[in-house]
Amino acid sequence: MARMLSCLRGFLLGFVVVLGFSGAIVATGSGVFLYQLHEYSLLTPTGVDGPPATLLGLGLLTCVLAWFIWQFDYSSKSQVISLAALITIVGLIEAGVGIWALVRHQETYKLPDKLVQKAVVALNDPKSEDIWHRMHVRLNCCGVNGASEDFRQHHKHVPWSCCYEPTEVEDDRKKCERGCLHPMIHRTQSTLLYVFLLALGSVVLKACIVSVAWCYAKAIMEGMERRRKEITTAAAAAARASSIEEQRNSANLSPLVEKSRMRTP
């Protein structure tokens, strides 16, 4: 029993260390996804940054929680149950965040018309020029709906970054008709899907930790019950032995008492 408790305690401590590292990974990954959603905010729907932002906070909370749990000595059942309860609460919140990200993923199939119109207007904004160039180069697209619709119809110069390919000729890359609207939608959906998978992985890890914690708590309870039974059995045996000894003493004293009574005139 003692060996099993030691093994479970070792597993639990190992999982607590992994919990701290997983919190750091979740926080870092959520921060990266949050940056990706804000990087091209011109074509990013509102409200999609909620899941990664919440998951970022939960990742930091997990790191603090792991440090707090590390201070336990795991000698009592109440400590282990508190550990399991805290991790369960954080895991349930992360599960909710994952579902939230999945719902937002399903809703991001089409951008609102106001957002699209705002992005079209931003094509002529000098402040947004760097964002558009970066979007054109990285996503290999041009404007919102393509070069013809956004630039040529309005007799505007097609930006150099549109559908940029270093090996192509200047005239060829200016003919790009691939807008950035649909690539950005797919990019946002992919980011939200990654947020869901990150939350799912964290929830699975916490479920493993909670399982080990409950096994450890159960082992502690069984050990306490076994010790209680041993103490009760030992006390009963001692009481039985004492009773037998008293009976023997009384049996040995009875003839002597009778003899003393007979000798007394």
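Treat the numbers as computed from the prediction; the structure is a model and nothing was measured.

Engineer: Run through the overall build of the protein chain, naming residues and quoting values.
Structural biologist: Regarding its fold elements, the protein chain presents 8 helices and 0 strands. From first element to last, N terminus to C terminus, the protein chain shows the α and β order α-α-α-α-α-α-α-α. Looking at the protein chain as a whole, 37% of its 265 residues qualify as buried. In the protein chain, 77% of the contacts between residues at least 6 apart in sequence involve partners at least 24 apart.

Engineer: Could you give an account of the pattern of salt bridges, naming the residues involved and the relevant values?
Structural biologist: Following the criterion strictly, the structure yields 5 salt bridges and no others. A salt bridge links arginine 187 to glutamate 39; the shortest N-O distance between them is 3.1 Å. One end of the pair, arginine 187, is in helix 8 (residues 181-263); the other, glutamate 39, is in helix 1 (residues 2-39), and 148 residues separate them in sequence. A cluster of three or more residues bridged by salt bridges with shared partners is formed by Glu39, Arg134, Arg138 and Arg187.

Engineer: Give me the state of the cysteines: which residues, what numbers.
Structural biologist: Taken as a whole, this structure holds 2 disulfides when the rule is applied. Here cysteine 141 connects covalently by a disulfide to cysteine 180, the sulfurs 1.9 Å from one another. The chirality of the disulfide connecting cysteine 141 with cysteine 180 is right-handed, given an S-S dihedral of about 90°. With cysteine 141 in the loop between helix 5 (129-139) and helix 6 (147-150) and cysteine 180 in the loop between helix 7 (170-173) and helix 8, the pair connects residues that are 39 residues apart, well separated along the chain. Across the pair, cysteine 180 and cysteine 141 agree in class, each one buried. Put simply, cysteine 142 and cysteine 162 are joined by a disulfide, and their sulfur atoms are 2.0 Å apart. Residues cysteine 142 and cysteine 162 share a disulfide whose torsion about the S-S bond is about 65°; that sign makes it right-handed. Of the two residues, cysteine 142 is situated in the loop between helix 5 and helix 6 and cysteine 162 in the loop between helix 6 and helix 7; the sequence distance between them amounts to 20 residues. The exposure class of cysteine 142 is buried, given its relative accessible area of 0%.

Engineer: So what's going on with the environment of leucine 42? Which residues, and what values?
Structural biologist: Inspection of the secondary structure puts leucine 42 in the loop between helix 1 and helix 2 (50-70). Taking the relative accessible area as the measure of exposure, leucine 42 reaches 16% and is therefore buried.

Engineer: Describe the environment of histidine 157, with residues and values.
Structural biologist: Residue position: histidine 157 is located in the loop between helix 6 and helix 7. Take histidine 157: its relative accessible area is 66%, and that puts it in the exposed class. On a C-alpha basis, the gap between histidine 157 and alanine 147 in space is 9.3 Å, while along the polypeptide they are 10 residues apart.

Engineer: So what's going on with the UniProt feature "transmembrane region" (unreviewed entry) in the protein chain? Residues and values would help.
Structural biologist: The positions UniProt marks with the feature "transmembrane region" (unreviewed entry) are residues 12-33, 53-70, 82-103 and 192-217. A helix fraction of 100% and a strand fraction of 0% characterise residues 53-70, whose end C-alpha atoms lie 26 Å from each other. Each end of residues 82-103 is marked by a C-alpha atom, and these two atoms are 32 Å apart; helix forms 100% of the span and strand 0%.

Engineer: Can you explain the nonpolar core? Please cite residues and give values.
Structural biologist: In this structure, Leu43, Leu111, Trp132, Met135, Cys142, Val144 and Leu181 are the most contacted members of the largest nonpolar core, which totals 25 residues. Contributions of two or more residues to this core are made by helix 4 (113-122), helix 5 and helix 8. Residues within four places of tryptophan 132 in sequence aside, it is in contact with Leu42, Leu43, Ala119, Ala122, Leu123, Gly143, Val144 and Ser161. Listed in part, the 15 residues of the second largest apolar core include Ile69, Phe72, Ala84 and Val210.

Engineer: Kindly report on the confidence of the model for the protein chain, identifying the contributing residues and their values.
Structural biologist: With 69% of its residues at a pLDDT of 70 or more, the protein chain shows a mean pLDDT of 77. Averaged pLDDT values for the elements of the protein chain fall to 48 in helix 7 and rise to 89 in helix 2. In this model, residues 169-173 is a region of pLDDT below 50 whose contacts with residues beyond four sequence positions or in other chains number 6 contacts.

Engineer: With reference to specific residues and values, describe the environment of lysine 110.
Structural biologist: Note on placement: lysine 110 falls in the loop between helix 3 (77-107) and helix 4. Taking C-alpha positions, lysine 110 is 9.2 Å from leucine 181, a pair spaced 71 residues apart along the chain.

Engineer: So what about the side chain of glutamate 94? Which residues, and what values?
Structural biologist: On the secondary structure map, glutamate 94 appears in helix 3. Glutamate 94 sits in the buried class, given a relative accessible area of 0%. Not counting chain neighbours up to four residues away, the residues in contact with glutamate 94 comprise Leu55, Leu58, Thr62, Ala199, Ser202, Val203 and Lys206.

Engineer: Quick one: what's the story with a nonpolar patch on the surface, residue by residue and with numbers?
Structural biologist: A cluster of nonpolar side chains, Leu102, Leu193, Tyr194, Leu197, Leu200 and Val204, forms an exposed patch at the surface whose accessible area comes to about 500 Å². Ranked by residue count, the leading element in the nonpolar patch is helix 8, at 5 residues. The partly exposed category is assigned to leucine 193, whose relative accessible area is 32%.

What counts as what
Residues numbered from 1 in each chain as written. Predicted model: local features only at pLDDT ≥ 70, side-chain atom pairs only at ≥ 80, totals over all residues. Heavy atoms only, no water. Helix = DSSP H or I, 4+ residues; strand = E, 2+ residues; numbered from the N terminus. Buried < 20%, exposed > 50% of the residue type's maximum accessible area, 1.4 Å probe, protein only. Contact = heavy atoms within 4.5 Å. Salt bridge = Lys/Arg side-chain N within 4 Å of Asp/Glu carboxyl O. Disulfide = S-S within 2.5 Å. UniProt positions renumbered as here; feature names shortened; annotations may be inferred. Core = buried A, V, L, I, M, F, W, Y, C linked by side-chain atoms within 4.5 Å. pLDDT = per-residue confidence, 0-100. Patch = residues over 30% accessible without salt bridge, like charges linked within 9 Å, V, L, I, M, F, W, Y side chains within 5 Å. Areas by Shrake-Rupley, 256 points an atom, 1.4 Å probe, with all protein chains shown as cover.

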